[in-house]
Amino acid sequence: MTERSRDDVLTYRSSLRPYLPTKETISNMKDAELEELYYTYVGKVDVLCTNRIRLGKPYDGGWDVCDDIEHRPQSPCLVYSFGINRDFSFDDAVSAKYGCEVHSFDPSMLQNDHKHSDRVFFHNLGISDRDFVNDKAWTMKTLTSIKKQLNHTKINILKMDIELDEFKALPNIIASDELKDVDQLLFEIHYNSADEQAKIIDFMARGLELLRDLRNLGFYVFHSHPNQYNYITSKISGLRRTTCNELHMLNVNRNRK
């Protein structure tokens, strides 16, 4: 991808937004400063998608996909969807819209592997940073192991709604170089409002480090959607904040324009 074509893609990126700092700088920030930086990044977008469409339910359960010609899935295409909670609305919609083969994963549903529809396949598996069986008797695997098991290589859309396990799975995915062939990355980033302030700040710091690492790989936010059911009054700033944002990212290194 040439520098000129990248500039064309990143038409929204603001020169006023701070660069994501190093881990050392983040660790030395005051709590209020770190919270403000965290929400600056999880609440704003970096890159323009001119044709963003919601697939699945309009609220919780649906996800936004960039339908611009240079980023939309092109058949044959593959989608991995982690975290279903018995709601296949996104999986069914993305399969119907683009003709993609979709693999849906959720060990919490306690269902055996099965074919949900013509192009949607369910797996009783979860994603994590290693292969193991957890204390709930759920089988957890890395993305590398799952792709090898299913004999897959390129994933067009990778969606994860995995309730804080993004902090385990995504660093492993990044370290394993599994994102180079992913076009769109959709995931929820969370923290638990019931936790002590120090733990909340730790999650925010880890979130910033995760976003920095994703940006370094060419993943830029084209849409941020706050979860409407997770608003709180911040213990740190006193502001109304959401504890959960859906982040929708494009791999600008795979722009096909």
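Just so you know, these numbers come straight off a predicted model, no measurement behind them.

## Here we look at the packing of aromatic side chains
Enumeration according to the criterion identifies seven aromatic pairs in this entry. Both rings, one in Phe88 and one in Phe122, keep their centres 6.2 Å apart while their planes meet at 70 degrees; by these two values the pair is edge-to-face. Of this pair, Phe88 sits in the loop between β3 (78-82) and α4 (89-98) while Phe122 sits in strand β6 (residues 120-123), placing them 34 residues apart in sequence. Residue classification places Phe88 among the buried residues on the basis of a relative accessible area of 10%. Judged by its relative accessible area of 1%, Phe122 is buried. Measuring from ring centre to ring centre gives 5.2 Å for Phe167 and Phe203, while their planes differ by 50 degrees; the resulting arrangement is tilted. Of this pair, Phe167 sits in helix α6 (residues 166-175) while Phe203 sits in helix α7 (residues 197-216), placing them 36 residues apart in sequence. Given the relative accessible area of 7%, Phe167 is considered buried. Owing to a relative accessible area of 9%, Phe203 belongs among the buried residues under this scheme. Positioned above the aromatic ring of Phe132, the side-chain terminus of Arg130 is 3.9 Å from the ring centre. In this structure, Arg240 packs its charged tip against the face of Tyr231, placed 4.0 Å from the ring centre.

## Focus on the pairing of β3
Counting buried positions over the five residues of β3 gives five, a clear majority of the element. Residues Leu78, Tyr80 and Phe82 line one face of β3 and the alternating positions Val79 and Ser81 line the opposite face, and both faces are buried. Relative to strand β4 (residues 101-105), β3 runs parallel, the two sharing five bridges. If you follow Ser81 over to β4, its bridge partner there is Ser104. Where the polypeptide runs from β3 across α4 and back to β4, its parallel neighbour, the crossover connection is right-handed.

## Section: unusual backbone geometry
Residue Pro76 is bonded to the preceding Ser75 through a cis peptide linkage, with omega at 0 degrees. Its identity as a non-glycine residue notwithstanding, Asn85 has a phi of 55 degrees, on the positive side. Checked against the element boundaries, Asn85 lands in the loop between β3 and α4. The exposure class of Asn85 is exposed, given its relative accessible area of 59%. The backbone of Leu164 sits at a positive phi, close to 80 degrees, despite the residue not being glycine.

## As for the packing of helix α3 (residues 31-42) against α7
For the pair α3 and α7, interaxial distance at closest approach is 10 Å and the crossing angle is 45 degrees. Taken as axis vectors, α3 and α7 run oblique relative to one another. By crossing handedness, the relation of α3 to α7 is classed as left-handed. Facing Asp31, Leu34, Glu35, Leu37, Tyr38, Tyr39, Tyr41 and Val42 of α3, the residues of α7 in contact are Gln197, Ile201, Met204, Ala205, Gly207, Leu208, Leu211 and Arg215. The class makeup of the residues in the contact of α3 with α7 is 11 nonpolar, two polar and three charged.

## Details of the state of the cysteines
In total, this model carries two disulfides according to the counting rule given. Across a sulfur-sulfur distance of 2.0 Å, Cys77 and Cys100 are joined as a disulfide pair. Because the sign of the S-S torsion sets the handedness, a value of about -100 degrees for the bond joining Cys77 and Cys100 places this disulfide among the left-handed ones. Taken together, the residues Cys77 in the loop between β2 (63-66) and β3 and Cys100 in the loop between α4 and β4 connect sequence positions 23 residues apart. Each of the two residues, Cys77 as well as Cys100, counts as buried. Counting its disulfide-bonded cysteines in sequence order, the protein shows a connectivity of 1-2, 3-4.

What counts, and at which threshold
Residues numbered from 1 in each chain as written. Predicted model: local features only at pLDDT ≥ 70, side-chain atom pairs only at ≥ 80, totals over all residues. Heavy atoms only, no water. Phe/Tyr/Trp six-rings, centres within 6.5 Å; stacked < 30°, edge-to-face > 60°. Helix = DSSP H or I, 4+ residues; strand = E, 2+ residues; numbered from the N terminus. Buried < 20%, exposed > 50% of the residue type's maximum accessible area, 1.4 Å probe, protein only. Lys NZ or Arg CZ within 6 Å of the ring centre and 35° of its normal. Pairing = 2+ DSSP bridges. Right-handed = clockwise from strand over helix to strand, strands pointing away. Axes fitted to C-alpha atoms, helices over the stretch in contact; angles between N-to-C directions. Parallel < 35°, antiparallel > 145°, perpendicular 65-115°, else oblique. Left-handed = near helix turned anticlockwise from the far one by under 90°. Contact = heavy atoms within 4.5 Å. Nonpolar A, V, L, I, M, F, W, Y, C, P; charged D, E, K, R; others polar. Disulfide = S-S within 2.5 Å.

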